[in-house]
Amino acid sequence: MINRRKQFEYLVSNLKDIPEENVIKEKNSVKRSPYHQRIHIESLFGMLGDPNGFSYFNGYYHLFHQWFPMKYSINPNYFQQGWFHWKSKNLVDWIPVGEAMNNDTVFDKYGVYSGSAIPINNKLFLMYNGNSWTNTDTDDWHRVPCQLGAYMDENDNVTKMIHPLIKGPISGYTGHFRDPKIFKKNGKYYSIIGVQTKAKTGTVLIYESQNLKSWNKVGEVKTNFEKKGYMWECPDYFELDNKGVLLFCPQGLQSKGNRFLNAFQACYAIGNKLDFRNLYFESKEYEEIDSGFDFYAPQTMSTPDGRRILSAWMSIMNSNSPLTKYHYDGCLIFPRELSIRNGKLIQKPVSEITKLYTTDYMENKVISKNQEIVAGLINCRDIKFDVSTKDNNAISIIDLFANRENTSHLRLVLDKMKNRFIVQRIKAGIEFEDEFGTERSCNLKAEKSISIRIIQDISSAEIFINNGENVFTIRVFVPKDQYHIFVKNLNGEVNVQYKIHQLREMNS
Ligand code: FRU
């Protein structure tokens, strides 16, 4: 049981209310970290959580995130929480704008939780969850979740609406009612919201509104698959390639073979477009969006040219990340473009990544034994491998983040005998989250050629298999001089082609 009184002993509603020297202490600790990312948005200090309000407005992409700036402060451990704002012209260079919202009203005193955004005329409308508690003079605190509204103007100033849009808790459900994702359909506004039923199962509700002020509950989305988990967080719904896509984060799933191995999961289901009258969503089984160790709380937006782009938190809750020692943690994934192929969700790094390309390295060769690939002295690259073989028992290994002796590395294994792709983190620097296993894998079709693309940053790898059919998002903490890449084959002859683009740091 979380001791709420202790958690909120030093509750403040604004960073400005904290002595400056305490804030400076946090900022200075972060500077000491050797693991800073170059092309990913990460927390300036304290903890970064879910991406929020991902949108395009006033000539910029806007991306906010959950921010707990004093999360790792000691003596005292302050609690302050809100949304931090970044904006970008091109999805790759992000400017830190600053805090967008703080926990400074009665409805969000204990946290400006997750939410979303939609442009309305010359304003950006934000819909989010405010967390507060009652019964705080007893040991039995009750959560009071309200869905709240705010407007951001063209100068990036946010004004909160005074009255809640939806007051919770609502009848039939517990206090776990949060993460509204707003969208427009047939001239009406809709919001899909995560919730827990009184029977302690997770689901999502749809609300509708004509004017953004009064919201009516349409009902629960019914699915043909069994709803598992005790709470569904961070839902999203969108239409893509003539299909409906539901994203949700069911908490409390049992792991099943190689699936659902992380502490918490982020899933998708593809089906026919949602019928907004009866709210029945028929789809095949749901799947994990990402097969790696570190992926949660996805949120999508639609670009002016019609692409559906995904952001997510490159972490999971409960992580004992080595970054906390430097008083910061958490980053967002590199934005991904979504599409659907053969009923599967396909993810690719956004094409704007080419704006970061500097030096290129490429080669096409038959690799048999251990071979080092020379590709610069820094782990910040877009790496594309094409591995082909006629040998059904070939096993190819790609080691990234390797030291010179190649005794420490993140290992990728292509096993043609088992038709599996495997990632092993066990020897990749600092061990963390090991209680959830050190290996992740997926099936590979028995094809002659397999493509592997890796977006590598100082402390992460996002690995795209066969043009984005499977993705593995992984944090890795190795010393800076572990920038080597080795390739080898254990059985048979394999042709390995590669193209590697070094990436410049994002401008911010
Ligand atoms: C998911 C989540 C959301 C909530 C937010 C609070 O990571 O628990 O459900 O709105 O984080 O930071």
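Going by the structure above, here's the rest.
Everything numeric in this text was worked out from a predicted model, so none of it was measured. (Residues numbered from 1 in each chain as written. Predicted model: local features only at pLDDT ≥ 70, side-chain atom pairs only at ≥ 80, totals over all residues. Heavy atoms only, no water.)

**Section: the site of the ligand**
Around the ligand lies a shell formed by Asp50, Gln66, Phe68, Tyr113, Ser114, Arg178, Asp179, Glu233, Cys234, Tyr296, Trp313 and Met317. Separating an oxygen atom of the ligand from a side-chain N or O atom of aspartate 50 is a distance of 2.7 Å. One of the side-chain nitrogen or oxygen atoms of glutamine 66 is found 2.6 Å away from an oxygen atom of the ligand. Out of a free accessible area of 320 Å², the ligand has 91% covered by protein chains. Going through the elements one at a time, strand E2 (60-68), strand E5 (112-120), strand E10 (173-185) and strand E15 (231-240) are the ones with two or more residues in the shell around the ligand. Residues belonging to the shell around the ligand are distributed by class as follows: six nonpolar, two polar and four charged. (Near = heavy atom within 4 Å. Polar contact = N/O pair within 3.5 Å; in protein donor to acceptor, adjacent residues only side chain to side chain. Areas by Shrake-Rupley, 256 points an atom, 1.4 Å probe, with all protein chains shown as cover. Helix = DSSP H or I, 4+ residues; strand = E, 2+ residues; numbered from the N terminus. Nonpolar A, V, L, I, M, F, W, Y, C, P; charged D, E, K, R; others polar.)

**Some remarks on the pairing of E15**
Of all the ten residues making up E15, nine are buried; the element is thus mostly covered by neighbouring parts of the structure. Pairing of E15 with strand E16 (residues 243-251) involves eight bridges; the strand directions are antiparallel. Looking across to E16, one finds that glutamate 233 is bridged to cysteine 249. Counted between consecutive antiparallel strands, the loop separating E15 from E16 contains two residues, among which aspartate 241 sits at a positive phi close to 45°. (Buried < 20%, exposed > 50% of the residue type's maximum accessible area, 1.4 Å probe, protein only. Pairing = 2+ DSSP bridges.)

**Topic: unusual backbone geometry**
Residue proline 76 is bonded to the preceding asparagine 75 through a cis peptide linkage, with omega at 0°. Topologically, proline 76 is positioned in the loop between E2 and strand E3 (82-88). In this structure, the amide linkage connecting glycine 168 to the following residue, proline 169, adopts the cis form with an omega of -5°. Positioned with a positive phi, alanine 297 is a non-glycine residue whose angle comes to about 55°.

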